[in-house]
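Secondary and tertiary structure notes
Residues per chain are reported as follows:
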Amino acid sequence: MRVIKTKNYEQMSKKAASFIMAQVISKPDCVLGFATGTTPIGTYDFLAEWNGEGIVDFSRVKTVNLDEYCGISSENPHSYRYFMDKNLFERINIDKRNTYLPDGQAKDCNEECDAYEKTIGSLGGVDLQLLGIGNNGHIGFNEPAEVFPKKTHRIKLTESTIEANSRLFEKKEEVPRYALTMGIQTIMKAKKILLIVSGKGKAKILKKVLECDVDPKVPASILQLHPDVTVIADAAAGEEL
Ligand code: GLP
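What you are looking at is a predicted structure, and each value in this text was computed from that prediction instead of being measured. (Residues numbered from 1 in each chain as written. Predicted model: local features only at pLDDT ≥ 70, side-chain atom pairs only at ≥ 80, totals over all residues. Heavy atoms only, no water.)

1. Quick word on the nonpolar core
Core analysis: the biggest nonpolar cluster contains 39 residues, and Ile20, Leu32, Phe34, Tyr44, Phe58, Leu88 and Leu194 have the highest contact counts within it. Those elements that place two or more of their residues in this core are α1 (9-26), β2 (31-34), α2 (41-52), α3 (80-87), β6 (128-131) and β9 (192-197). Per-element tally for this core: the top contributor is α1, with six residues. Among the nonpolar cores identified, the runner-up in size contains 31 residues, and Ile187, Leu195, Leu223 and Ala233 belong to it. (Core = buried A, V, L, I, M, F, W, Y, C linked by side-chain atoms within 4.5 Å. Buried < 20%, exposed > 50% of the residue type's maximum accessible area, 1.4 Å probe, protein only. Helix = DSSP H or I, 4+ residues; strand = E, 2+ residues; numbered from the N terminus.)

Shown next, in the form of structure tokens:
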């Protein structure tokens, strides 16, 4: 595992975007795994900028996202589909038919989760998965648990995640209580993983993720076992390392 500390959010974002750009340049038809949250917004801004300047070409890239809220439509500004469209896909030359997220409105969630796993498999797996971490160490929406959940599944969000994500909603009651998320095994099967972490509020959990025993109560700690992980933390998030 490589850990890179940058002086601020902008430098973290630029390094992360360079890393993703390098992946696309090395393999123009690669499969990128993307994440939502506030942390990757700066990374997506750089990618959009460089795509506009013709430095990186997404025309053959395919993407899969980690997760989606249950019960809200893709037109809802809080949905992760909407987030990805606005923050990245509509700003780059990707074919939107090649961008995949779990369908949080599916009638049969189990069927949808199985289909999502099959989609990832039929694309040939993920070449590079971008991750952020939740305040409780979750990745995707894999919340702290007694065991590591393996495949894509429906999950009940913890109170701490609902609380943390409510900052993006008008009222806490509006935050969906369930989500569909890639499982830990799905994430760990990615060939490379890039974890980005920003802000003082993540400093303690980042230290724990990197230094504690591998423990499903700190889901991101499993990344210690992945053969190719790069962590990019800004100074505030990296201050306890
Ligand atoms: C959500 C997403 C995660 C993300 C996390 C942290 O829960 N499901 O993928 O890493 O939020 O978000 P932020 O970057 O806003 O702190």
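Further notes follow.
2. Considerations on the layout of surface pockets
Considered as a void within the structure, the largest pocket measures approximately 490 Å³ in volume. Lining the largest pocket are 26 residues, and of these Gly37, Ile133, Gly134, Asn165 and Lys202 sit closest to its centre. The dominant element in the lining of the largest pocket, judged by the number of residues it contributes, is helix α5 (residues 159-165), at four residues. Considering only residue class, the lining of the largest pocket consists of eight nonpolar, 15 polar and three charged. The space that makes up the second largest pocket amounts to roughly 160 Å³. The wall of the second largest pocket is formed by Thr36, Gly37, Thr38, Ile41, Tyr69, Pro77, His78, Ser79, Tyr80, Phe83, Leu168 and Phe169. (1 Å grid on protein atoms, 1.4 Å probe; cavity = no way out; pocket = protein on both sides within 12 Å on 5 of 7 lines; lining within 4 Å. Points joined across faces, edges and corners; volume = space filled by probe spheres on them. Nonpolar A, V, L, I, M, F, W, Y, C, P; charged D, E, K, R; others polar.)

3. Considerations on the side chain of His226
In this structure, His226 sits in the loop between α7 (203-211) and β10 (229-234). Looking at His226, its side chain comes within polar contact range of the main-chain oxygen of Ala190, at 2.6 Å. In this view, His226 contacts Met188, Ala190, Lys191, Lys192 and Ile193; residues no more than four positions away in its chain are not counted. (Polar contact = N/O pair within 3.5 Å; in protein donor to acceptor, adjacent residues only side chain to side chain. Contact = heavy atoms within 4.5 Å.)

4. Details of the packing of α1 against α2
For the pair α1 and α2, interaxial distance at closest approach is 8 Å and the crossing angle is 55°. Relative to α2, the element α1 is oriented oblique. At the point where α1 passes α2, the crossing takes the right-handed sense. On α2, the residues touching Tyr9, Glu10, Ser13, Lys14, Ala16, Ala17, Ser18, Ile20 and Met21 of α1 are Ile41, Gly42, Thr43, Phe46, Leu47 and Trp50. The residue makeup of the contact of α1 with α2, split by class, is nine nonpolar, four polar and two charged. (Axes fitted to C-alpha atoms, helices over the stretch in contact; angles between N-to-C directions. Parallel < 35°, antiparallel > 145°, perpendicular 65-115°, else oblique. Left-handed = near helix turned anticlockwise from the far one by under 90°.)

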